[in-house]
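Close look at the chain arrangement
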Amino acid sequence: MSEQFGTKIPKFYQTAPAPCPYLPGRMETKVFTRLTGDAARSLNDVLTHAGFRRSQSMAYRPTCASCQACLSVRVVVDAFEASRSFQRVLSHNSDLQAEIVDPWASEEQFRLLRRYLDVRHNDGGMADMTMFDYVAMVEDSAVETHLVEYRYTHGPNAGDLAAVALTDTLGDGLSMVYSFYNADDDGRSLGTFMVLDHIEQARSRGLPYVYLGYWIEGSRKMAYKARFAPLEGRREAGWVPLQRP
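Residues numbered from 1 in each chain as written. Predicted model: local features only at pLDDT ≥ 70, side-chain atom pairs only at ≥ 80, totals over all residues. Heavy atoms only, no water.

As for the packing of aromatic side chains
Where we set the bar: Aromatic rings from Phe, Tyr and Trp, taking only the six-membered ring of Trp, are treated as a pair when their centres fall within 6.5 Å; an angle between ring planes under 30 degrees marks them as stacked, one over 60 as edge-to-face, and anything in between as tilted. Secondary structure follows DSSP: runs of H or I at least 4 residues long count as helices, runs of E at least 2 residues long count as strands, and numbering of each begins at the N terminus. Think of it in three bands: with a 1.4 Å probe and only protein chains considered, a residue is buried below 20% of the maximum accessible area for its type, exposed above 50%, and partly exposed in between. The criterion for a charge sitting over a ring is simple: Lys NZ or Arg CZ within 6 Å of the ring centre, and within 35 degrees of the ring normal.
Following the criterion strictly, the structure yields 12 aromatic pairs and no others. Pairing Phe86 with Phe228 gives two aromatic rings, centres 5.0 Å apart and planes at 10 degrees, and the pair type is stacked. With Phe86 in helix H2 (residues 84–92) and Phe228 in the loop between strand E12 (209–216) and strand E13 (231–235), this pair connects stretches of sequence that are 142 residues apart. Taken as a pair, Phe86 and Phe228 share a single burial class, namely buried. Ring centres of Phe110 and Tyr134 lie 6.1 Å apart, and the angle between their planes is 40 degrees; on these two criteria the pair is classed as tilted. Of this pair, Phe110 sits in helix H3 (residues 107–120) while Tyr134 sits in helix H4 (residues 131–139), and the two are 24 residues apart along the sequence. Take Phe110: its relative accessible area is 14%, and that puts it in the buried class. Counting every residue linked through ring pairs, the aromatic cluster contains Phe110, Tyr134, Tyr178 and Phe180. Across from the ring centre of Trp239, 4.2 Å away, lies the NZ or CZ of Arg74, which sits over that ring.

Spelled out as structure tokens, the structure:
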């Protein structure tokens, strides 16, 4: 393991139990480590494969004693076929232009994020996010990461940002760290569209997976991820096919 991460084996820490933000009445504990230095990229790969999730310069994984509902999931790109409803989403957003840009935060992005949080997640853990926090989320990273900006090309909003995704590039796929979009444009299903677009990005680059973070059984907020079948979930025995609920 020391050869994978350089000369120093990463040190892991554990958080104190806290109320779970996804399943009422349950407590959450996480194990985490820092992603810094020359080994950050390889460590991010290895830990993502082990079921961890990145947040800024940290990689974490739930380690709750009485609950195993959180399951890291990834889309199997070559086996994925867009359903008719997904094809309609792609068609409806065909006028959006995607551009991969360096991970530098902008005030334009932050304004879109603030509106998204105010409309969709005003009671969540990121509800009080400031520009300072957003800069840290985007730029405080030693791994291979980028932003994907989606802009309107027609109509009264031409040139404006419609959506943004913060995405890591791994050895075998793309990991969608966080995404947000124009919360006032409900008819486009922009969240779904970004996942579909990342699947196509991975396919065009010959990458076999798109990592979606945690699917949580019993959580309505995370239920949408199960739609992108076929999925694999990271269990103790490794990555296994996830049966659609």
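Next comes the rest of the account.
Brief notes about the sheet that holds strand E9 (residues 145–152)
Here is the rule we go by: Note: two strands are recorded as paired if DSSP finds a minimum of 2 bridges between them. Interaxial angle, 0 to 180 degrees, is taken between N-to-C directions of lines fitted to C-alpha atoms, where a helix line uses only the stretch in contact. In what follows, residue pairs with any heavy atoms lying within 4.5 Å of each other are defined as contacts.
Read across the open sheet, the 8 strands follow the order E8-E9-E10-E11-E12-E7-E13-E14; overall the sheet is mixed. Each of the sheet's edge strands pairs with one partner strand only, and the pair in question is strand E8 (96–101) and strand E14 (238–242). On average, each strand axis in the sheet is inclined to that of its neighbour by 35 degrees, with strand direction left out of account. On top of the sheet, H3 reaches E9, strand E10 (161–170) and strand E11 (173–181); it is set at about 75 degrees to E11, its chief contact.

Some thoughts on the side chain of Lys225
Applied cut-off: Positive charges come from Lys and Arg alone, negative charges from Asp and Glu alone, with His and the N- and C-terminal ends not counted. By convention in these notes, a salt bridge is any Lys or Arg side-chain nitrogen within 4 Å of a carboxyl oxygen on Asp or Glu.
Inspection of the secondary structure assignment puts Lys225 in the loop between E12 and E13. The side chain of Lys225 is buried and forms no salt bridge, while Glu28, the nearest opposite charge, is found at 12 Å. Apart from the residues lying within four places of it in its own chain, the contact partners of Lys225 are Val73, Leu212, Gly213, Tyr214, Trp215 and Leu231.

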